[in-house]
Structures are given as structure tokens and as C-alpha cells.
Amino acid sequence: FESGHKGGADITYVDEVNPMGTAGALSLCAHVDTIVCNADIITKIDFKDLALEHQARVQDATMCVASYKHQIPYGVLHMKDGHVDFIEEKPIKDYWVSAGINVISGKVIAGLAQERLDMPDLLDMLKLVSIYEIEGYWQDVGTWETYKEVNR
């Protein structure tokens, strides 16, 4: 991407001398609101809208979340007092999951020590983390199976 100017961006690169985790390297960055995105996702999220939503709220971070549905391929037993109460046949469970995209406020970045820290640990430490629901396309391609599925 070089400097980014050809695409209308201003890119600054930061080198980690020692691995600092998925959030620790933010301590080496400018103390401004920063979007951090995992490299193994494909999405059509509107990053400008995400940034505006983050700025409109007073919080430490904004975590993007996506709906993840999982079908259990068996009848699930619900038991009571050692007996089958009922069977839920092949239920579909719907969960909100971290989408691997976060906006971290500049004041949080300014307070980070230059040490190893992973993003889930940072988000757990923060008091005010809002959510941004991804309604459009989002896919994690962090496994060989999901990568092949997306590239069919």
C-alpha cells in the first residue's frame, strides 16, 4: 500500500520489535480513535458509518458484532429429575459474536503500556464498550474450510 496517497489515504506503519499481541501494538500508535480489524475477515461494513457511530457515543471502544447461527444436528434432550422432559429436534441457536472489528478510543490508547496485550483482554478491562451490529455481509475466513467456501 506504500504511503496510501494513491488511494487517498495516509498510512503510517509501526514496527513491533517484540510481538505485543493483538492490542498491545496500539501503544505504539498515535493517540487517536483507531479502527482495528482482523486480517482474516471479509466484510462490506461501512467503516465511515462505524467511525461516526463510535464518535457519537461516549465510550472506550466499539465492538462490531455479527449474528452467528449454528444448527445442532441432533435432537437435544432437556432433562428434569433424571428423566427426559422434552426433545428439541435439531435446534438452530443464534449467537452474537465478535466480528473482529473494533474501534478503540484515543484516550484508551494513550493509557496503554508498551507490553503484550490481546484485544479480548483489553475489551474485558474497559468499562464502556458499545456494540455495532453488522447487518451486511461478514465472513470469517480464518479456517481452511471457510476460506474454500468463500472462494467457490
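Details of the structure are given in the entry above.
Residues numbered from 1 in each chain as written. Predicted model: local features only at pLDDT ≥ 70, side-chain atom pairs only at ≥ 80, totals over all residues. Heavy atoms only, no water.

## Side note on the nonpolar core
Nonpolar side chains in soluble globular proteins generally cluster together in the buried interior.
No. 1: Counting 15 residues, the largest nonpolar core has L26, I104, M119, L122, L123 and L126 as its most contacted members.
No. 2: Of all elements in the fold, only β3 (61-71), α3 (106-110) and α4 (119-125) reach the threshold of two or more residues within this core.
No. 3: Setting aside anything within four residues of it in sequence, one finds I104 in contact with L26, V32, D33, T34, V36, D60, A61, I109, M119, L122 and L123. (Core = buried A, V, L, I, M, F, W, Y, C linked by side-chain atoms within 4.5 Å. Buried < 20%, exposed > 50% of the residue type's maximum accessible area, 1.4 Å probe, protein only. Helix = DSSP H or I, 4+ residues; strand = E, 2+ residues; numbered from the N terminus. Contact = heavy atoms within 4.5 Å.)

## So, the side chain of H54
No. 1: If you trace the backbone, H54 turns up in helix α2 (residues 47-56).
No. 2: There is a polar contact of 3.4 Å between the side chain of H54 and the side chain of D33.
No. 3: Discounting chain neighbours no more than four positions away, the residues touching H54 are D33, Q59, D60, A61, T62, V103 and S105. (Polar contact = N/O pair within 3.5 Å; in protein donor to acceptor, adjacent residues only side chain to side chain.)

## Here's the deal with the environment of D94
No. 1: Relative to the helices and strands, D94 is located in strand β6 (residues 92-104).
No. 2: For D94, the contacting residues outside a window of four places in its chain are S67, Y68 and K69.
No. 3: Of the polar contacts made by the side chain of D94, one reaches the side chain of S67; its length is 2.6 Å.

## Digging into the sheet that holds strand β1 (residues 34-37)
No. 1: Reading across from one edge, β1-β6-β3-β7 is the order of the 4 strands in this open sheet, with mixed pairing throughout. The strands lining the two open edges of the sheet, one partner per strand, are β1 and β7 (129-133). For this sheet the average axis-to-axis angle between neighbouring strands, irrespective of direction, equals 40°.
No. 2: Pairing of β3 with β7, which is carried by 5 bridges, proceeds in the parallel orientation. Bridge assignment links V65 to a residue of β7, and that residue is E133. (Pairing = 2+ DSSP bridges. Axes fitted to C-alpha atoms, helices over the stretch in contact; angles between N-to-C directions.)

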